[in-house]
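Spelled out from the first residue to the last, the chains are:
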Amino acid sequence: MAGPDRALAGGPRGPVGTLPCMRALLVVNPVATTTSPRTRDVITRALANGLDLEVMETRYRGHGKELARRAAEEKSADLVIALGGDGTVNEVVNGLLHRGPDPEHLPGLAVVPGGSTNVFARALGLPNEPVEATGALLDALRAGRTRTIGLGLASGTPGTLDAEVPARWFTFCAGLGFDAGVVGRVEAQRERGKRSTHPLYVRQVVRQFLADHHGRTHGTIALKRPGHPAIEGLALSIVCNTSPWSFLGNRPLYAAPGASFDTALDVLGITKLSVGGAARYAAQLVRSTPQRGPRGRNVVSLHDETEFTLQSQAPLPFQLDGDHLGLRTSVTFTGERRALRVIV
């Protein structure tokens, strides 16, 4: 984790070791996977002990975005804290950045992880346990530590069927094709009452692989960049804003080891996913490190890309930050290097 970007804004500071005088909005997902009502109460009490805290629970999909947007537009909070998983964080980020990046004047963002994987929080170096993470957050607030991070923006491509799709920010990853299909399968299982666990994800990877023989062996995705020839025939395309890309239990998975909150976007593409190739890439991913990710003659790796488009001959599943967003034929990505202040 990088060092502090600058002192935390938000009101006069008290004596050394005390919290700054700050208005904070705590956006709570009451059905977050790994928190109970008792845990959420402990966290709320700890935060309210030193902050001018307003607590709001999300009631429906997209509510976190509305709450964060209102806090930013009405300037009613110096800090917005997301208590939930990566989906809750994504909603809060999109609410804060509704009118675009302005890290010097928008409320800062803090995260207390409460989901099953919590990629964003862990990529920032935060503990994965919510009460411990709350303690780390309070320490960071007392020390006045913030970091300004980059984010990715996905939008509809002009001149295509998806041109009118609203733009959306993402914090750690996006995907068009195979991995998004897995995310869609997991969401379908959760709607049937299944818990979001790592074994559930692994089972859905296998089912997606078996169900999509043509798509994984005859890639339909093209990656287009200004001033470069198109890269054709991708069967898998993963866009990373940071590293690691995800976690398998406590094991980090590095799809694009060079990705960072301090640069633009990285891409991992694979042109063919045969049975043997998929097994090899899966093993490489499990053994990946911050220095080495998947590799081979069918692997495409791009680093620090500011703008590019993923375009498919047929509609494919699309996901942002682990949230399945339906089918898309074309998505344009932009990397914004300094988009949002976070408490670290």
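Scope of this entry: the structure provided in the associated data block. This one's a predicted model, so the numbers in the text were calculated from it and none came from an experiment. (Residues numbered from 1 in each chain as written. Predicted model: local features only at pLDDT ≥ 70, side-chain atom pairs only at ≥ 80, totals over all residues. Heavy atoms only, no water.)

1. A short note on the packing of aromatic side chains
Per the stated rule, a full pass over the model turns up four aromatic pairs. For the pair Phe-170 and Phe-333, a centre-to-centre distance of 6.1 Å together with 90° between the ring planes defines the contact as edge-to-face. Residue Phe-170 is located in strand β7 (residues 168-170), and its partner Phe-333 is located in strand β17 (residues 323-343); the two are separated by 163 residues in the primary sequence. Pair check on accessibility: Phe-170 and Phe-333 agree, each one buried. A ring pair is formed by Phe-308 and Phe-333, whose centres lie 5.3 Å apart and whose planes are at 25°; its orientation type is stacked. Of this pair, Phe-308 sits in strand β16 (residues 307-320) while Phe-333 is found in strand β17, placing the two residues 25 residues apart along the sequence. Each member of the pair, Phe-308 together with Phe-333, is buried. Connected via pairs of aromatic rings, a cluster forms that spans Phe-170, Phe-308, Phe-318 and Phe-333. Its guanidinium or amino end placed over the ring of Phe-247, Arg-122 lies 3.7 Å from that ring's centre, counting from NZ or CZ. (Phe/Tyr/Trp six-rings, centres within 6.5 Å; stacked < 30°, edge-to-face > 60°. Helix = DSSP H or I, 4+ residues; strand = E, 2+ residues; numbered from the N terminus. Buried < 20%, exposed > 50% of the residue type's maximum accessible area, 1.4 Å probe, protein only. Lys NZ or Arg CZ within 6 Å of the ring centre and 35° of its normal.)

2. Description of helix α1 (residues 37-48)
Under the 1.5 Å per step criterion, the end-to-end length of α1 is 16 Å for twelve residues, consistent within 8% with the ideal 16 Å. Looking only at α1, the buried set comprises Thr-39, Arg-40, Ile-43, Thr-44 and Leu-47. Projected onto a plane normal to the axis of α1, the buried residues spread over an arc of 135° and lie on a single side. Those residues of α1 that are exposed and angled more than 90 degrees off the buried face are Pro-37, Arg-38 and Arg-45. On the buried face of α1, the contacting elements are β2 (23-28), β3 (52-57), β4 (79-84), β5 (108-113) and α5 (130-143). (Expected span 1.5 Å × (residues − 1). Arc of directions from axis to C-beta. Contact = heavy atoms within 4.5 Å.)

3. Quick look at the packing of helix α6 (residues 178-191) against helix α7 (residues 198-211)
Their axes nearest at 9 Å, the elements α6 and α7 cross at an angle of 125°. The orientation of α6 relative to α7 falls into the category oblique. Where α6 crosses over α7, the two elements pack in a sense that is right-handed. Between α6 and α7, the contacting residues are Phe-178, Gly-181, Val-182, Arg-185, Val-186 and Gln-189 on the first element and Leu-200, Tyr-201, Gln-204, Val-205, Arg-207, Gln-208, Phe-209 and Ala-211 on the second. (Axes fitted to C-alpha atoms, helices over the stretch in contact; angles between N-to-C directions. Parallel < 35°, antiparallel > 145°, perpendicular 65-115°, else oblique. Left-handed = near helix turned anticlockwise from the far one by under 90°.)

4. A word on the pattern of salt bridges
Inspection of every chain in the model, using the stated rule, returns ten salt bridges. Here Arg-61 ties to Asp-323 by a salt bridge, and the two come within 2.3 Å at their closest N and O atoms. A residue pair is termed long-range when its members are at least 10 positions apart, and Arg-61 in the loop between β3 and α2 (63-74) and Asp-323 in strand β17 qualify at 262 residues. Take Asp-323: its relative accessible area is 12%, and that puts it in the buried class. A salt bridge links Glu-73 to Arg-99; the shortest N-O distance between them is 3.3 Å. Residue Glu-73 is found in helix α2, and its partner Arg-99 is found in the loop between α3 (86-96) and β5; the two are separated by 26 residues along the sequence. (Salt bridge = Lys/Arg side-chain N within 4 Å of Asp/Glu carboxyl O.)

5. Some remarks on the environment of Val-202
Position of Val-202 relative to the elements: it lies in helix α7. Taking C-alpha positions, Val-202 is 24 Å from Val-300, a pair spaced 98 residues apart along the chain.

6. Section: the side chain of Arg-40
Note on placement: Arg-40 falls in helix α1. As a buried residue without a salt bridge, Arg-40 has its nearest oppositely charged side chain in Glu-57, at a separation of 5.1 Å. Not counting residues up to four positions away in its chain, the partners in contact with Arg-40 are Val-28, Asn-29, Pro-30, Thr-35 and Leu-83. (Lys, Arg positive; Asp, Glu negative; His and termini not counted.)

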